[in-house]
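Below are the chains, spelled out letter by letter.
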There are 2 protein chains.
Amino acid sequence: MNRIAEFAKNLGKDSGKESDNGAKDSGAKGAGVKDVDLETNSAKGTPEPSSPRTLPTEPDHSAAAGLQTLLDGKAAPYRKAVRETLEEKDLKLDLDGGIDAVRDRMYEHIKFLVESGESRHSFSKENGGSGNALAAVSGIETIGAVNPSLTIKSGVQWGLWGGAVDNLGSERHRHYIEKIQNAELLGCYAMTERGHGSNVQELETTATYDPDTHEFIINSPTDSARKVYIGNAGRDGRMAAVFAQLYTPGEEESHGVHCLIVPIRDEDGNPLDGVEIGDHGRKGGLLGVDNGTLLFNNVRVPRENLLNRFGDVEEDGTYVSPIDSRNRRFFTMLGTLIRGRITVGGAGLAATRTASDIAIRYANRRRQFEGGEKGVEKRLIDYRQHRRRLLIPLARTYALTLLQNRILERYDDMLNKQASGQWSVTDPTEEQLFASREMESLAAAVKAASTEHANKTLQEMREACGGAGYMSENLLTTLRADADIYSTFEGDNTVLIQMVGKHLLTAFGRDMQDLSPWDMVKYGVETAADTVRRRTGIRSGVQSVIDLVSNRDEDSLFDAGYQVKLIEDREQAVLRSLVRRIAPARKADRAEAAEIVDKTQDHLIAVSWAHVDSLLMRTMVEAELELPEGSAARQVFEQVRSLFFFDLLIKHAGWYQEHNMLPSGRVKAARAAINDLVDSLGPWSQVLSEAFATPKSAWNVPMLNDGGVDGGDNKA
Amino acid sequence: MNRIAEFAKNLGKDSGKESDNGAKDSGAKGAGVKDVDLETNSAKGTPEPSSPRTLPTEPDHSAAAGLQTLLDGKAAPYRKAVRETLEEKDLKLDLDGGIDAVRDRMYEHIKFLVESGESRHSFSKENGGSGNALAAVSGIETIGAVNPSLTIKSGVQWGLWGGAVDNLGSERHRHYIEKIQNAELLGCYAMTERGHGSNVQELETTATYDPDTHEFIINSPTDSARKVYIGNAGRDGRMAAVFAQLYTPGEEESHGVHCLIVPIRDEDGNPLDGVEIGDHGRKGGLLGVDNGTLLFNNVRVPRENLLNRFGDVEEDGTYVSPIDSRNRRFFTMLGTLIRGRITVGGAGLAATRTASDIAIRYANRRRQFEGGEKGVEKRLIDYRQHRRRLLIPLARTYALTLLQNRILERYDDMLNKQASGQWSVTDPTEEQLFASREMESLAAAVKAASTEHANKTLQEMREACGGAGYMSENLLTTLRADADIYSTFEGDNTVLIQMVGKHLLTAFGRDMQDLSPWDMVKYGVETAADTVRRRTGIRSGVQSVIDLVSNRDEDSLFDAGYQVKLIEDREQAVLRSLVRRIAPARKADRAEAAEIVDKTQDHLIAVSWAHVDSLLMRTMVEAELELPEGSAARQVFEQVRSLFFFDLLIKHAGWYQEHNMLPSGRVKAARAAINDLVDSLGPWSQVLSEAFATPKSAWNVPMLNDGGVDGGDNKA
């Protein structure tokens, strides 16, 4: 039995052997050797007591295929198709020639994607599309591995603008769809206003019905009502889906935010009367997207331009809607945002995977400073610090990618049920309502977690490639600059992550986007007890998976079940303590409630992140079971899973000890384990990034071929 | 006695009162209330037992002046002069019109700085300058608050290119200085090669003396010898200070890396024969700097072009040097890098201060979502999470700014002693040698710490301003993109931070840049015992300052002396454990030593950061004593100091508990204290950022004046 097989056996089945070198033993020992060292229990270079068996130093590249299958998930065929499209033509952003030239090329790329058939997936079958959300989202996301500008431009055109017409419109808007799909009619999703980013319900733009002419009058009453950051508005858009407060005659109050199609430019691209258009020009990134501003001065559009699926105005001015609750109507209309969030999370991860792939290839070829052998410089990957820098984020990228897939797959499942009539959008069952709120929370969670990770990791990968990483030709800074805004648009991460916690707190009993502090205190306390008991999973049957893996040695830090338990225990404890903190405030008045909510804001955010950690840890353990036992892919993946876990554990080591949930010896063992794992995985680093199947046009950058690396120009 | 005065009294003098509300009490109580809550001990909105007294909700803006005096330090007059220059003309980077237009404007700005007299400070008195390093560095750094490209372009021209000629040259090079100073002769500092970034001693470019013609032949033997990322090489440079291995006839071995003046372009800007020039074009940022590449094909320059202060070749080819040790000669020549490092650290902080200033002003004017009052949206600063996001990094910015000043002042002092002859550069005393090695470590520490903080904080401030923060016109993304590379150039942060640890380990007994793993094991263990005992300070007499503040209630978490002690205890413990880990390896061979060093790399890095923490904590406490007792500035500063401390403590809460150095109740109290402090400092946030005295041209960005904020276009 070789060492890997032995390790797999120890870890997977034969728990009796664990105590020889397991964490329990090490924990006890670590506690005895007080204050000896910071990072590991070993002082002599021998394996730490809690170490996993190291992988062979000669990596088996065939393992990449197994890992890729896992990472691609159900969307594998669609990702494959897009990757092939991306090999046909280099779609990377080319900034030469000024902003107009860049935009011209972007438009060509959009047309190229139309020809490849990509845009069909974004539209429902009844409107002539394939109605395949899995294909649509995974496709647009995969483009983000090469060119985030193209992802966002596509997302604006087909996902947002097209999505608004497709999902919020009716038969009378069907004639637009073909032109939207083939990019003949470019348009905008005009929601955000200068004064109202996250707080969509307070938009100021008005759409007032005039029964005399059967028209709506679209107006921006103030400068803070100006639509800003709107994709396609800067140059290419001809129409916009405009979100506005809907007013009908005789009613003082708005019917809430509704969406209308408003033409903004004529065929030659000149602004129409009453429409003031601005071009944002330079931004921190995404220079291939023409973001702009829109201001409306009493612009008239026909009554039929109201996207009327969930709310309509009859000729005489009567308002009608299939959804009684004003609140639920609003969130049903905002359903488009869920898809946007999943797409942005995915695009952030796609960029992150590309950057890791580039940095790992560089680290395996770039040398600096002599090591043990005189006159031979070490490769960057031969430095432990560099292995830590590359591989710890990589483990989290794996976890997030898998979670992203599961959420996308569940979203796709929901849409399929809605399309087939099993699930009514306007009149869902209680269970469906619950499930869609949970979906909303999952989308918010994965968007916030993935884009936060993307921003950190893209920067880390740039730095890991030194000066070469800063040259635009090597792609990293473009990915970094583009993905920056992912943390803000389609829902600011700080707002979204709180939504996750609020959902948990109310056990998905309420729509959370409009939850006032007072509501939160009230509903949070009412239902939180349920939440603490309830385990929410991404798929059904998750609990049993955990039970399955937990039949192992529960005391080993490397045991998958124990790992899940430690992470989930923290989630539950943090949630319980939040409930206790807000409980006494049930009878608070509005102002007091607001103060209590502000005072517990960081606690709420901690709850949300703890929930994300739980989702990720479970996802890793579930995914592992899909890999054939004994396969090289599984053996490597197990170490990635443990690396992800130990990183989480060390991040919260203070909390665990504060709550007497982890003895200091175990914390020491965890620190040592991270080092052992990156040492073991170092030689396999390229296998791990090959599994991302990044298109060659993205990773094959100049710094991997010049004289600065092994096999470069003058050294081959 | 108002509440602040009472607080100040409690904290500063009257320790007898502390137990009523001090941390000791709270710690004990916290430990009793097990598992109750995550973030604070309070569940009812009453002050936590360990809370400081809150500051008045109406801030006293006059406190900003006192804080500014503290932050400006001895360089105050020079910073003031540059700020006035920056108010005269808007020097922000303007990217309109393509790269050539940008570069033209940059050159105009450089000439403008010449006219303002700024460039004189970079040059020694004997070469016609003012010989004022304090003015030179603080001036160039202050420009970085507005335009990092201009800081770097100035730094390349006067600090690096000019600095090389000024410091490494002799009388025969004096005629260049005036033209360099007035920007008539732009030049390059051509050190980095494609294959050799951090490892300068292994540069491949050669300078071979030809005694027949009395010339040096400059040659790049391979593509990996190509000089890369060289500022001023892309367009403007006419000459370059080229670092190359020096060879003389009859000697097979190089005399080590030396620097020579090599003309690269003629007057019309065309490359000279044998010089191959490339333009890096697009980079991740610093688009105002024309970085390029240089390759030399046996280019001949006169013997006199060798910058010969520390090593010369006589006409007949004999090599002579006033410094016998080849190693010390090399590091003496690299002295220029120390100034570069201090400048870059300072420039990173300057950009960070501007970004914080902008984000804090925005947070005080931008509203989103209703709070306690119906129909009134809360300002961003009214959210605790936002206060945490802005103010926790701000506290670290304060600490780093103060440390930066102290290091710059000490550097200036060293140069003044050298200029006056009290300190010989070529033949220093043991004490001076020790001090200059310590200086090298301090410069590395502050550069790595400041630029790492800059990158994180600039991103955080961008995100804190949402979509508006992403628009280039609001400056944040430009600062962010520009400062990115600060973590790499003038010494990669990962390499520099390890140098700090290595210096500590050998008690400054060795030059560390070339320390092989074997050397490190050998010398580290020999002298480390000394280091553990020795306290290294930035200024003399520091220990007594700590003793002074420690005469307070040592058990209060808010006591300055206790805070310093906790942070320093960690530094010492981490260093001791590292020494123990490498001790058994004293008799290791080369390969084993390399492995041991790699296995302890993350531990070494932890030692370095712990040292940085100690330096910062002491600096904060020392600085506080400079503020008048009882002044508003002092009261605010005390809270900033504690906020900085608690953030550090929580970051390492796992370690402290692991080592039984902090009971869990105190960790809970520290978490609560952070929240109390940001609540207390929230209304004072603009006072804290006004103290940065950021030029208005930098902070007065469109998003602070448009309809998205209070007092914007349509709301005033």
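Residues numbered from 1 in each chain as written. Chains lettered and ligands numbered in written order. Predicted model: local features only at pLDDT ≥ 70, side-chain atom pairs only at ≥ 80, totals over all residues. Heavy atoms only, no water.

**Thoughts on the interface of chain A and chain B**
(1) Moving on: Tallying the contact residues gives 101 residues for chain A and 104 residues for chain B.
(2) Moving on: Taking both partners together, chain A and chain B bury about 8,600 Å²; carbon and sulfur atoms supply 48% of that area.
(3) Moving on: Arg194(A) is the partner of Asp706(B) in a salt bridge, and the nearest nitrogen-oxygen pair spans 3.3 Å.
(4) Moving on: The tally of links from chain A across to chain B stands at 64 residue pairs in polar contact (both at pLDDT 80 or more).
(5) Moving on: Element by element, the count of residues in the side of chain A that touches chain B is highest for helix H24 (residues 664-681) of chain A, at six residues.
(6) Moving on: Per-class residue counts for the side of chain A that touches chain B are 23 nonpolar, 38 polar and 40 charged. (Contact = heavy atoms within 4.5 Å. Buried area = accessible area lost by both parts, 1.4 Å probe. Salt bridge = Lys/Arg side-chain N within 4 Å of Asp/Glu carboxyl O. Polar contact = N/O pair within 3.5 Å; in protein donor to acceptor, adjacent residues only side chain to side chain. Helix = DSSP H or I, 4+ residues; strand = E, 2+ residues; numbered from the N terminus. Nonpolar A, V, L, I, M, F, W, Y, C, P; charged D, E, K, R; others polar.)

**Considering the UniProt feature "domain: Acyl-CoA oxidase/dehydrogenase middle" (unreviewed entry) in chain A**
(1) Moving on: If you check UniProt for "domain: Acyl-CoA oxidase/dehydrogenase middle" (unreviewed entry), the listed places come out as residues 188-299 of chain A in our numbering.
(2) Moving on: Taken end to end, residues 188-299 of chain A has its terminal C-alpha atoms 16 Å apart, with 0% of it in helix and 39% in strand. (UniProt positions renumbered as here; feature names shortened; annotations may be inferred.)

**Here we look at the packing of helix H12 (residues 384-419) of chain B against helix H13 (residues 430-464) of chain B**
Residue and element names in this part refer to chain B.
(1) Moving on: Across the interface, H12 lies against H13 with an axial gap of 9 Å and an inter-helix angle of 155°. By the criterion of interaxial angle, the relationship of H12 to H13 is roughly antiparallel. Between H12 and H13 the crossing geometry is left-handed. (Axes fitted to C-alpha atoms, helices over the stretch in contact; angles between N-to-C directions. Parallel < 35°, antiparallel > 145°, perpendicular 65-115°, else oblique. Left-handed = near helix turned anticlockwise from the far one by under 90°.)

**Describing the nonpolar core**
As a rule of thumb, nonpolar side chains are buried together in soluble globular proteins.
(1) Moving on: Tyr398(A) and Phe646(A) are the most contacted members of the largest nonpolar core, which totals 180 residues.
(2) Moving on: If one sorts the elements of this core by residue count, helix H12 (residues 384-419) of chain A sits on top with 14 residues.
(3) Moving on: The contact partners of Tyr398(A), leaving out residues within four places of it in the chain, are Leu67(A), Leu71(A), Met620(A), Phe637(A), Val640(A), Leu688(A), Ala691(A) and Phe692(A).
(4) Moving on: Grouped together as the second largest cluster of nonpolar side chains are 176 residues, Met471(A), Leu287(B), Met499(B) and Phe644(B) included. (Core = buried A, V, L, I, M, F, W, Y, C linked by side-chain atoms within 4.5 Å. Buried < 20%, exposed > 50% of the residue type's maximum accessible area, 1.4 Å probe, protein only.)

**A look at the state of the cysteines**
(1) Moving on: Throughout the structure, instances matching the rule amount to zero disulfides over all chains.
(2) Moving on: Cysteine Cys188(B) remains unbridged, with the sulfur of Cys259(B) as its closest cysteine sulfur at 11 Å. (Disulfide = S-S within 2.5 Å.)

**Considerations on the sheet that holds strand E7 (residues 275-279) of chain A**
Residue and element names in this part refer to chain A.
(1) Moving on: One open sheet accounts for three strands, arranged E4-E8-E7; its pairing is antiparallel. The open sheet is flanked by strand E4 (227-230) and E7, the only strands paired with a single partner. For this sheet the average axis-to-axis angle between neighbouring strands, irrespective of direction, equals 20°.
(2) Moving on: In this structure, E7 lies alongside strand E8 (residues 292-296), joined through five bridges in antiparallel fashion. Bridge pairing links Val275 to Phe296 in E8. (Pairing = 2+ DSSP bridges.)

**Concerning the environment of Leu578(B)**
All names here are of chain B.
(1) Moving on: Looking at the element boundaries, Leu578 is found in helix H19 (residues 560-582).
(2) Moving on: Expressed as a C-alpha distance, the spacing of Leu578 and Gln601, which sit 23 residues apart in the sequence, is 9.8 Å.
(3) Moving on: Non-local contacts of Leu578, meaning those with residues more than four positions away in its chain, are made with Leu505, Thr600, His603, Leu604 and Val607.

**Side note on the UniProt feature "domain: Acyl-CoA oxidase C-terminal" (unreviewed entry) in chain A**
(1) Moving on: Cross-referencing UniProt, the feature "domain: Acyl-CoA oxidase C-terminal" (unreviewed entry) maps to residues 575-693 of chain A in the present numbering.
(2) Moving on: Segment residues 575-693 of chain A splits into 77% helix and 0% strand. End C-alpha atoms: 39 Å apart.

**Some thoughts on the packing of H13(B) against helix H16 (residues 493-505) of chain B**
Residues and elements named next belong to chain B.
(1) Moving on: The contact between H13 and H16 brings their axes to 8 Å, and the two run at 140°. The angle between H13 and H16 places the two elements in the oblique class. Judged by the sense of rotation from one axis to the other, the crossing of H13 with H16 is left-handed. Only Asn493, Leu496, Ile497, Met499, Val500 and His503 of H16 make contact with H13, whose side of the interface consists of Arg437, Glu440, Ser441, Ala444, Ala445, Lys447, Ala448, Thr451 and Glu452.
(2) Moving on: In the contact of H13 with H16, the residues fall into seven nonpolar, four polar and four charged.

**A short note on the pattern of salt bridges**
(1) Moving on: Tallied over the entire structure, the rule returns 90 salt bridges over all chains.
(2) Moving on: A salt bridge links Arg172(B) to Asp312(B); its shortest N-O distance comes to 3.5 Å. Taken as a pair, Arg172(B) in the loop between helix H8 (148-168) and helix H9 (174-181) and Asp312(B) in strand E10 (residues 312-313) lie far apart in primary sequence, 140 residues in all.
(3) Moving on: Judged by relative accessible area, Asp312(B) falls into the buried class, the value being 14%.
(4) Moving on: Linked through salt bridges whose partners overlap, the residues forming this network are Arg384(A), Arg387(A), Arg388(A), Asp679(A), Asp598(B), Lys599(B) and Asp602(B).

**Re the environment of Ser614(A)**
All names here are of chain A.
(1) Moving on: Looking at the secondary structure, you find Ser614 in helix H21 (residues 601-624).
(2) Moving on: For the pair formed by Ser614 and Ile567, sequence separation is 47 residues and the distance between their alpha carbons is 5.8 Å.
(3) Moving on: Beyond its immediate chain neighbours, meaning those up to four positions away, Ser614 contacts Ile567, Glu568 and Glu571.

**Topic: the relation of the copies chain A and chain B**
(1) Moving on: Superposing chain A onto chain B takes a rotation of 180° combined with a translation of 0.0 Å along the rotation axis, leaving an RMSD of 0.0 Å. Both copies of the chain, as the preceding transformation shows, are related through a two-fold rotation axis. When each C-alpha of chain A is compared by its distance to the rotation axis, Gly654(A) comes out closest, at 1.7 Å.
(2) Moving on: Interface residue correspondence from chain A to chain B reaches 99%, placing this contact among same-surface, isologous pairings. (Least-squares fit on C-alpha atoms with pLDDT ≥ 70 in both.)

**Describing helix H13 (residues 430-464) of chain A**
All names here are of chain A.
(1) Moving on: For H13, which comprises 35 residues, the first-to-last C-alpha distance of 50 Å matches the rise-based estimate of 51 Å (1.5 Å per residue) to within 8%.
(2) Moving on: The element H13 is extensively covered by neighbouring structure, given that 28 of its 35 residues are classed as buried.
(3) Moving on: Directly beyond the C-terminal end of H13, a positive phi value near 55° is found at Gly466. (Expected span 1.5 Å × (residues − 1).)

**A few points about the sheet that holds strand E8 (residues 292-296) of chain B**
All names here are of chain B.
(1) Moving on: Here three strands make up an open sheet; going across it, the order is E4-E8-E7 and the pairing antiparallel. Edge positions in the sheet fall to strand E4 (227-230) and strand E7 (275-279), since each of these pairs with one other strand and no more. The sheet shows a mean angle of 20° between the axes of neighbouring strands, direction not considered.

**Thoughts on the side chain of Thr488(B)**
(1) Moving on: If you trace the backbone, Thr488(B) turns up in the loop between helix H15 (476-484) and H16.
(2) Moving on: Its relative accessible area of 11% is what places Thr488(B) among the buried residues.

**A short note on the packing of aromatic side chains**
(1) Moving on: Throughout the structure, instances matching the rule amount to 18 aromatic pairs over all chains.
(2) Moving on: Taking 5.6 Å as the distance between ring centres and 50° as the angle between the ring planes, the aromatic pair formed by Tyr398(A) and Phe692(A) counts as tilted. With Tyr398(A) in helix H12 and Phe692(A) in the loop between helix H25 (685-690) and helix H26 (696-699), this residue pair connects regions lying 294 residues apart in the sequence. In this structure, Tyr398(A) and Phe692(A) share a single accessibility class: buried.
(3) Moving on: These aromatic residues form a ring-pair network of at least three members: Tyr398(A), Phe637(A) and Phe692(A).
(4) Moving on: The ring centre of Phe112(B) lies 5.1 Å from the NZ or CZ of Lys89(B), which sits over that ring.
(5) Moving on: Lying across the ring of Trp699(B), Arg361(B) places its NZ or CZ 3.5 Å from the centre. (Phe/Tyr/Trp six-rings, centres within 6.5 Å; stacked < 30°, edge-to-face > 60°. Lys NZ or Arg CZ within 6 Å of the ring centre and 35° of its normal.)

**A short note on unusual backbone geometry**
(1) Moving on: Although it is not a glycine, Glu490(A) adopts a positive phi angle of roughly 55°.
(2) Moving on: Assignment of secondary structure puts Glu490(A) in the loop between helix H15 (476-484) and helix H16 (493-505).
(3) Moving on: A positive phi angle is found at His214(B), which is not glycine, with a value near 60°.
(4) Moving on: Examined against the element boundaries, His214(B) turns out to sit in the loop between strand E2 (206-210) and strand E3 (215-219).
(5) Moving on: Relative accessible area serves as the criterion here: at 31%, His214(B) is assigned to the partly exposed category.

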